[in-house]
Amino acid sequence: MEPRADKKADATLTGLNHRHLLGLSDYSSAEIELILETARQFRDVLDRPIKRVPTLRGITVVNLFFEASTRTRISFELAEKRLSADTVNFSASGSSVSKGETLKDTAQNIEAMKIDMVVLRHSSPGAPHFLTRCVDSVVINAGDGAHEHPTQALLDLMTISELYDSFEGLNVSIVGDILHSRVARSNIHGLLTLGANVTICGPKPLIPVELDKISESGNLRITNNLDEALEGCDTAMALRIQMERQGRALFPSNREYHEQFGIKVEHMNRYQDLMVMHPGPVNRGVELASEVVDHERAVILNQVTNGVAVRMAVLYLLSGQGSEG
Ligand code: CP
């Protein structure tokens, strides 16, 4: 997972080399930087009295959500509206999915109504990849099972880039339920591609075995000790324990998890430069003490604001609008 030579090349991109955003695993550093730079420009739009530009006028985007969401769903919808796209929201509940209609049939029927882009959240890893083989529309992954959540990682990267001059040599720790986390997977790809050092920390049963192989060769370190993860760390990303994806309990209790892996006020006092992030939704008192969620060095709400700008950038760059003269 060290930045590959081909992932470091093409430093002056003006467009993406991909038609879809399915994950960050095959996005180059130049592509990620282009998205972040474009997002910074759109971020300014969000502070204007009239938060709307005509960039995607005439483009129709469908938000297909087969899983619960607050931030990603509202953020995509706002991003589409801010860009003047026509936007339609689909929830599996209350749709013909409850009558047995498949993802393929649902998507093809919606595409027959003449749309341009699909934003998909689904509980099955690989669902967005499958969708690219069923429809002609541009597909954006808004989270597929425990696989990837690329726009979350991009908004996390944007938030980190506002705190430091460079990713090169930056120490970022990801703490929590790594096994079930698409946010962790996308962030590991993005952070390593941009040159950061990544430490993964959590209870042994919540660390995927494949990371052991990666850590042997790259800037990725694994620990089961929270203080080891926070010592020398610039930014810590805490992750939610995803009870809904655990077939059985993988640690004794939330109280014991918080004792061993929860970031508490004592950590904020001990590590005076430590910044804290969380993708949400937060379980206060489990992965973060409630006081840490509201701490001046927690940038959780900055992440949410940047999410709209990042999604505007992704929609714009994948729409092809920028490449038309
Ligand atoms: N971070 C994130 O994906 O939150 P939602 O599940 O609320 O979209």
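Summarised in this report is the structure supplied together with it.

Rules used in this analysis
Residues numbered from 1 in each chain as written. Predicted model: local features only at pLDDT ≥ 70, side-chain atom pairs only at ≥ 80, totals over all residues. Heavy atoms only, no water. Pairing = 2+ DSSP bridges. Helix = DSSP H or I, 4+ residues; strand = E, 2+ residues; numbered from the N terminus. Right-handed = clockwise from strand over helix to strand, strands pointing away. Axes fitted to C-alpha atoms, helices over the stretch in contact; angles between N-to-C directions. Left-handed = near helix turned anticlockwise from the far one by under 90°. Contact = heavy atoms within 4.5 Å. Nonpolar A, V, L, I, M, F, W, Y, C, P; charged D, E, K, R; others polar.

For the rest of this paragraph, the subject is the pairing of strand 2 (residues 86-91). Inspection of the sheet shows strand 1 (residues 60-65) paired to strand 2 by 6 bridges, in the parallel sense. Bridge assignment links Leu-64 to a residue of strand 2, and that residue is Phe-90. Taken together, strand 1, helix 3 (residues 71-82) and strand 2 form a β-α-β motif whose crossover is right-handed.

Interhelical geometry of helix 6 (residues 150-161) versus helix 13 (residues 300-319) gives an angle of 115 degrees and a closest axis separation of 8 Å. In this structure, the crossing between helix 6 and helix 13 has a hand that is right-handed. Contacts from Thr-151, Gln-152, Leu-154, Leu-155, Asp-156, Met-158 and Thr-159 of helix 6 reach helix 13 at Asn-302, Gln-303, Asn-306, Gly-307, Ala-309, Val-310, Arg-311 and Val-314. Of the residues that constitute the contact of helix 6 with helix 13, the class distribution is 6 nonpolar, 7 polar and 2 charged.

Overall, parallel pairing links the 4 strands, which are arranged 2-1-3-4 in an open sheet. Every other strand in the sheet has two partners, leaving strand 2 and strand 4 (138-144) as the edge strands with one partner each. Within the sheet, the average angular offset between the axes of one strand and its neighbour, ignoring direction, is 15 degrees. Where strand 1 meets strand 3 (residues 117-122), 5 bridges bridge the pair, whose relative direction is parallel. Its bridge partner lying in strand 3, Val-61 is registered against Met-117. Docked against the sheet, helix 3 engages strand 1, strand 2, strand 3 and strand 4, running at close to 160 degrees with respect to strand 2. Across the sheet, helix 13 touches strand 1, strand 3 and strand 4, and the angle it forms with strand 4 is around 150 degrees.

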